[in-house]
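If you want the building blocks of each chain, they are given just below.
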Amino acid sequence: MQQVVISGSGLFTPQHIISNDELVVSFNQYVDQFNTEHAAQIAAGELAALEYSSSEFIEKASGIKARHVLYKDGILDPKVMHPVFRKRGEDELPEMVEMAVQAATQALAQANKTAADIDLIICAASNMQRPYPALSVELQQALGAGGYAFDMNVACSSATFAISNAVNAIRGGSAKVVLVVNPEFASPQVDYRSRDSHFIFGDVCTATIIEAESSCTSSQAFRILGMRLKTTFSNNIRCDIGYTEHCFSEQDPKAPFFKQQGRKVFKELLPIVAEVILDEMAAQQVTADDLKRLWLHQANINMNIFAAKKILGRDPLPEEAPLVLDTYANTASAGSIIAFHKYQQGLQSGDKAILCSFGAGYSVGCLVLEKC
């Protein structure tokens, strides 16, 4: 079987930062405003009063301290509470493609490749700004790449599923060098009026170059030893916006937003994650002692610690399972790739690692990697 590697990675980080403290001030102002406007209904027991949020609550629940966003305007205004930005025309790159160009340029440079070398682009993210024409095809044009391109969505597992598709395309002969991009423009899907979720997501874009090891000239490549993907249906993480929404007489104002049953997700999804990772480790004859790095999905610090303990059989050291969610928040499919991109220091040729993402679906994607 042809050996395939990740030969480069890239990361675009928006310049705007929102701290927990900023979010909390805005949210609590909204709470005061809501409770005052609905004081009569609240007093009559017809409506529940909203509760304050706090930075301590957010950090304890998630490990998140801050997040990057493309557009900060509007998010912190209690009368707006969503990003405010200009709608771009058809002759302009949408935000997700613009982000992807930046991340892709870095990944190409690290892999010692040019856009002319790319013959497949996969744009994989938890949301798309439009259904068609595919964002990946517009990115293909913007970069000057050839071949073909397509978009795909497996929620927070989109990146690992896309890399697996890239590997299969190379082994099947339909591509030689694949660019995978994960432009997560997640801030518009956040309900900033919800105490349970107003802090969760940030914006970012990651990119990886996938190619045969025989064509690789990068000094930072990782061999893909094994891949394992799994899905099982659950309603516990949902976003219900779709092209049929305008057909219904009753419009759900919450339809565009992310929603989840967090405790159920923790209880149901994490055993699946551990099973998928441990099964693929066994298939590749990799033991816990062999692992030097765990690049895990960055949704919640408690989930990451739980998963790492299941894999290693002990508490992980900070450098073994690096976190980026403290400063990036949950960046959906890009989170594990951010960790991979930023925390490769100290790894030697032959060192083994796990790259894993998981989320809505439920879905889990696991790659067993080896430093070349």
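The residue count restarts for each chain, going from 1 along the sequence in the order it is written. Only residues with pLDDT of at least 70 get local features here, since the model is predicted, and only at 80 or more are side-chain atom pairs given and counted; chain-wide, interface and lining totals rely on the full set of residues. Side-chain numbers here rest on the full set of heavy atoms in the structure, without hydrogens or water.

A few words now on the layout of surface pockets. Taken as a whole, the second largest pocket holds about 160 Å³ of empty space. For cavity detection a 1 Å grid was placed over the protein atoms alone, and a set of points counts as a cavity when a 1.4 Å probe fits there but cannot get out; an open set counts as a pocket when protein lies on both sides within 12 Å along at least five of seven lines, with lining residues being those that have an atom within 4 Å of a point. Around the second largest pocket, the lining residues are Ile301, Asn304, Ile305, Ala308, Pro316, Leu317, Pro318, Ala321, Pro322 and Leu323. Each residue is assigned to one of three groups, with Ala, Val, Leu, Ile, Met, Phe, Trp, Tyr, Cys and Pro labelled nonpolar, Asp, Glu, Lys and Arg labelled charged, and all others, Gly among them, labelled polar. In terms of residue class, the lining of the second largest pocket is made up of nine nonpolar, one polar and no charged. Grid points are joined across faces, edges and corners, and a volume is the space filled by probe spheres set on the points.

In this section: the sheet that holds strand 11 (residues 291–296). Here the rule is simple: two strands pair whenever DSSP picks up at least two bridges between them. Labels follow the DSSP assignment, with helices taken as runs of H or I lasting at least four residues and strands as runs of E lasting at least two, numbered in each case from the N terminus. Strand order in the open sheet made by the nine strands is 5-4-6-7-1-8-13-12-11, with mixed pairing throughout. The open sheet has two edge strands, strand 5 (148–152) and strand 11, and neither has a second partner. Going from strand to strand, the sheet's axes swing by 25° on average, the running direction of each strand aside. The strands touched by helix 4 (residues 95–110) within the sheet are strand 1 (4–12), strand 6 (177–184) and strand 7 (204–212), with strand 1 carrying the most contacts at an inclination of about 130°. Helix-sheet contacts for helix 5 (residues 135–143) involve strand 4 (120–124), strand 5 and strand 6, and the interaxial angle to strand 5 is about 140°. Each axis is a line fitted through C-alpha atoms, taken for helices only over the stretch in contact, and angles between the N-to-C directions span 0 to 180 degrees. The contact criterion used throughout is that any non-hydrogen atoms of two residues lie within 4.5 Å.

Here tyrosine 132 and proline 133 are connected by a cis peptide whose omega angle stands at -5°. Following glycine 361, the chain continues into tyrosine 362 via a peptide bond in cis, with omega recorded as -5°. Along the chain, tyrosine 362 turns up in the loop between strand 12 (352–359) and strand 13 (363–371). Even without being a glycine, alanine 155 presents a positive backbone phi close to 55°.

As a further point, take helix 7 (residues 262–283). A helix is expected to span 1.5 Å for every residue after the first. Here helix 7 contains 22 residues, and its C-alpha end-to-end distance of 31 Å stays within 8% of the 32 Å for a straight helix at 1.5 Å per residue. Among the residues trailing helix 7, glutamine 285 stands out with phi positive, at a value near 55°.

Moving on: the packing of helix 4 against helix 5. Packing of helix 4 against helix 5 brings their axes to within 10 Å, and their N-to-C directions diverge by 50°. One element, helix 4, and the other, helix 5, form an angle in the oblique class. When you trace helix 4 past helix 5, the crossing you get is right-handed. Contact residues: helix 4 offers Met96, Val97, Ala100, Val101 and Ala104, while helix 5 offers Leu135, Glu138, Leu139, Ala142 and Leu143. The class makeup of the residues in the contact of helix 4 with helix 5 is nine nonpolar, no polar and one charged. The cut-offs work like this: below 35 degrees is roughly parallel, past 145 is roughly antiparallel, 65 to 115 is roughly perpendicular, and the gaps in between are oblique. By the definition used in this description, the sense in which the near helix is turned from the far one sets the handedness, with an anticlockwise turn below a right angle giving left-handed and a clockwise turn giving right-handed.

This part is about the environment of proline 94. Note on placement: proline 94 falls in the loop between strand 3 (66–69) and helix 4. A residue is classified by how much of its surface remains accessible, and proline 94, at 9% relative accessible area, is buried. Taking the C-alpha atoms as reference points, proline 94 and aspartate 252, 158 residues apart in sequence, are found 26 Å from one another. Ignoring any residue separated from it by four or fewer positions in sequence, one finds proline 94 in contact with Arg88, Gln129, Arg130, Leu135 and Glu138. Throughout, exposure labels follow a simple rule: accessible area from a 1.4 Å probe, protein chains only, divided by the maximum for the residue type, with under 20% read as buried, over 50% as exposed, and the rest as partly exposed.

With that settled, the discussion passes to the UniProt feature "domain: Beta-ketoacyl-[acyl-carrier-protein] synthase III N-terminal" (unreviewed entry) in the protein. The UniProt feature table records "domain: Beta-ketoacyl-[acyl-carrier-protein] synthase III N-terminal" (unreviewed entry) at residues 150–228. With 19% helix and 34% strand, residues 150–228 has its two end C-alpha atoms placed 21 Å apart. UniProt positions are given in the numbering used here, feature names are shortened, and annotations may be inferred rather than shown by experiment.

On to the pattern of salt bridges, then. Salt bridge, as used here: a side-chain nitrogen of Lys or Arg that lies within 4 Å of a carboxyl oxygen of Asp or Glu. Inspection of the entire model under this criterion finds 16 salt bridges. Salt-bridge contacts for glutamate 95 lead to arginine 88; the nearest nitrogen and oxygen are separated by 3.3 Å. As a salt-bridge pair, aspartate 240 and lysine 259 come within 3.0 Å of each other at their nearest N and O atoms. Placement of the pair is aspartate 240 in the loop between strand 9 (237–238) and strand 10 (259–260) and lysine 259 in strand 10, with a sequence separation of 19 residues. One continuous salt-bridge network, built from bridges that share partners, spans Glu213, Arg223, Lys352 and Glu370.

Right, let's talk about the packing of aromatic side chains for a bit. Centres within 6.5 Å make a pair out of two Phe, Tyr or Trp rings, where for Trp the six-membered ring is used; the pair is then stacked when the planes are under 30 degrees apart, edge-to-face when over 60, and tilted otherwise. In the structure shown here, the tally under the stated rule is 11 aromatic pairs. Residues phenylalanine 201 and phenylalanine 258 carry aromatic rings whose centres are separated by 4.8 Å and whose planes lie at 80° to one another, so their mutual orientation is edge-to-face. In this pair, phenylalanine 201 sits in the loop between strand 6 and strand 7 while phenylalanine 258 sits in the loop between strand 9 and strand 10, placing the two residues 57 residues apart along the sequence. Like phenylalanine 201, the residue phenylalanine 258 is buried in the burial classification. Centroid distance phenylalanine 222 to tryptophan 295: 5.6 Å. Interplanar angle 90°. Geometry classified as edge-to-face. A residue pair is termed long-range when its members are at least 10 positions apart, and phenylalanine 222 in strand 8 (residues 222–231) and tryptophan 295 in strand 11 qualify at 73 residues. Considered together, phenylalanine 222 and tryptophan 295 belong to a single accessibility category, that of buried residues. Between arginine 195 and the ring centre of phenylalanine 57, over which it is positioned, the NZ or CZ distance is 4.0 Å. Only lysine NZ and arginine CZ atoms are considered, and such an atom sits over a ring when it is within 6 Å of the ring centre and within 35 degrees of the ring normal. Sitting over the face of the ring of phenylalanine 222, lysine 371 holds its NZ or CZ atom 5.6 Å from the ring centroid.

A separate point is helix 1 (residues 20–37). Counted at 1.5 Å a residue, the expected span for helix 1 with its 18 residues is 26 Å, and the 26 Å between its end C-alpha atoms agrees. Looking at helix 1, one finds that the buried residues are Asn20, Leu23, Val24, Ser26, Phe27, Asn28, Tyr30, Val31, Phe34 and Asn35.

Turning our attention to the side chain of glutamine 140. Summarising the element assignment, glutamine 140 is placed in helix 5. With residues up to four places along the chain from it excluded, the contact list for glutamine 140 reads Ile121, Ala145, Gly146, Gly147, Tyr148 and Ala149.

It is worth spelling out the nonpolar core at this point. Within soluble globular proteins, side chains that are nonpolar generally end up buried alongside one another. In this description, a nonpolar core means a group of buried Ala, Val, Leu, Ile, Met, Phe, Trp, Tyr and Cys residues linked to one another through side-chain atoms lying within 4.5 Å. One finds Ile277, Leu291, Leu294, Ile354, Cys356, Phe358 and Val364 to be the most contacted residues of the largest nonpolar core, which totals 49 residues. Among the secondary structure elements, those contributing two or more residues to this core are helix 1, helix 7, strand 11, helix 8 (301–312), strand 12 and strand 13. With eight residues, the top contributor of residues to this core is helix 7. Apart from residues lying up to four places away in sequence, isoleucine 277 is in contact with Leu296, Ile311, Ile354, Cys356 and Cys366. Counting residues in hydrophobic clusters, the runner-up holds 37 residues, among them Ala159, Val180, Ile210 and Ala353.

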